[in-house]
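# Observations on the model geometry
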Amino acid sequence: MDTTTIRTATPADLAAVTALEAACFPPAEAAGEAAFRARLAAFPDSFWLLFQGQTLVAMVNGMVTQQPDLTDELYADAALHDPQGPWQMIFGVATRPDCQRQGHAATLLRRAIQDSRARGKQGLVLTCKDRLVHYYAQFGFVSEGVSVSQHGGAEWYQMRLRF
């Protein structure tokens, strides 16, 4: 059986994270290679990756910012990352389709929460579709209603976990 490991990202993970994103999100919502290149350069420690052996199975990624809300501007501009900011934004939670419903995303979310708390953040913010509000609530995220984000042309709900 392959060993499961969790680590933060490096620029060498570019192809793997781009492929995982493309496998998990519709094209209008998925970040592309250029976006991930910029993100990996700006905030690799805000990428949590779960591997089974050498295979990337799941990831949670986002940036740290002073802004309290997750806006489309944050998705578009990695330079807005501010490591001293109080909020860890979560841009995406992705698990390979053939590995879903095995607890990988939950494991990474718990790690992101733990690391964000240890880094002195006020909490985490993410957006999700209505059907996933209950999933994130189990980790302590509270729905703040429909998000200002219109990322990918979808309706999103903003969820916040405060420490």
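To start, this report covers the structure provided alongside it. Because the structure is a prediction, the values reported are computed rather than measured.

Our next topic: the sheet that holds strand β3 (residues 55-61). With respect to topology, 4 strands assemble into an open sheet ordered β1-β2-β3-β6, the strand pairing being antiparallel. A strand with exactly one partner marks an edge of an open sheet, and here the two such strands are β1 (4-8) and β6 (92-95). Mean inter-strand twist for the sheet, computed between neighbouring axes without regard to direction, equals 20 degrees. Judged from the 5 bridges that link them, β1 and strand β2 (residues 47-52) form a sheet pairing that is antiparallel. Within β2, the position partnered with Ile-6 by the bridge is Leu-50.

Of the two faces of strand β5 (residues 87-90), the one carrying Trp-87 and Met-89 and the one carrying Gln-88 and Ile-90 are both buried. Note: strand β4 (residues 64-65) against β5, 2 bridges, orientation antiparallel. Opposite Thr-65, over in β5, you have Trp-87 as the bridge partner. Pairing analysis gives 4 bridges linking β5 to strand β7 (residues 123-128), with the strands arranged parallel. Looking at β7, one finds that Ile-90 is bridged to Leu-126.

All right, on to the packing of helix α1 (residues 14-24) against helix α2 (residues 33-42) then. Between α1 and α2, the shortest axis-to-axis distance is 10 Å and the interhelical angle comes to 130 degrees. In terms of their interaxial angle, α1 and α2 are classed as oblique. Like other packed secondary-structure pairs, α1 and α2 cross with a definite hand, here right-handed. On α2, the residues touching Leu-14, Val-17, Thr-18 and Glu-21 of α1 are Glu-33, Phe-36, Arg-37 and Leu-40.

Pairing is mixed in the open sheet, where 5 strands are placed in the order β4-β5-β7-β9-β8. Both edges of this open sheet fall to β4 and β8 (142-146), since each of them pairs with a single strand only.

Take α1 next. The set of residues buried in α1 consists of Leu-14, Val-17, Thr-18, Leu-20 and Glu-21. Angularly, the buried residues of α1 cover 165 degrees about the axis, an arc narrow enough to put them on a single face. Across from the buried face of α1, at angles greater than 90 degrees, the exposed residues are Ala-15 and Ala-22. In this structure, the buried side of α1 is in contact with α2, β2, β3 and β6.

So, how was this worked out
- Each chain has its residues counted from 1, following the order in which its sequence is written.
- The model is predicted, so local features are restricted to residues of pLDDT at least 70 and side-chain atom pairs to those at 80 or more, both for listing and for counting; the totals for chains, interfaces and linings are taken over all residues.
- In computing side-chain properties, one takes all heavy atoms of the structure into account and sets aside hydrogens as well as water.
- Only strands that DSSP links by at least two bridges are regarded as paired with each other.
- Each helix is a run of H or I in the DSSP string that is no shorter than four residues. Each strand is a run of E no shorter than two, and both are numbered from the N terminus.
- Lines fitted to the C-alpha atoms define the axes, with helices restricted to the stretch that makes contact. Angles between their N-to-C directions range from 0 to 180 degrees.
- Think of it in three bands: residues with accessible area under 20% of the maximum for their type are buried, residues over 50% are exposed, and the middle band is partly exposed, with areas taken using a 1.4 Å probe on protein chains only.
- The cut-offs work like this: below 35 degrees is roughly parallel, past 145 is roughly antiparallel, 65 to 115 is roughly perpendicular, and the gaps in between are oblique.
- Definitions for this section: a left-handed crossing has its near helix turned counterclockwise from the far helix by less than a right angle. A right-handed crossing has that turn clockwise.
- By definition in these notes, contact holds between two residues if any of their heavy atoms fall within 4.5 Å.
- Within this analysis, the arc is defined by the directions that extend from the helix axis to the C-beta atoms.

Read these as geometric descriptors, not functional statements.
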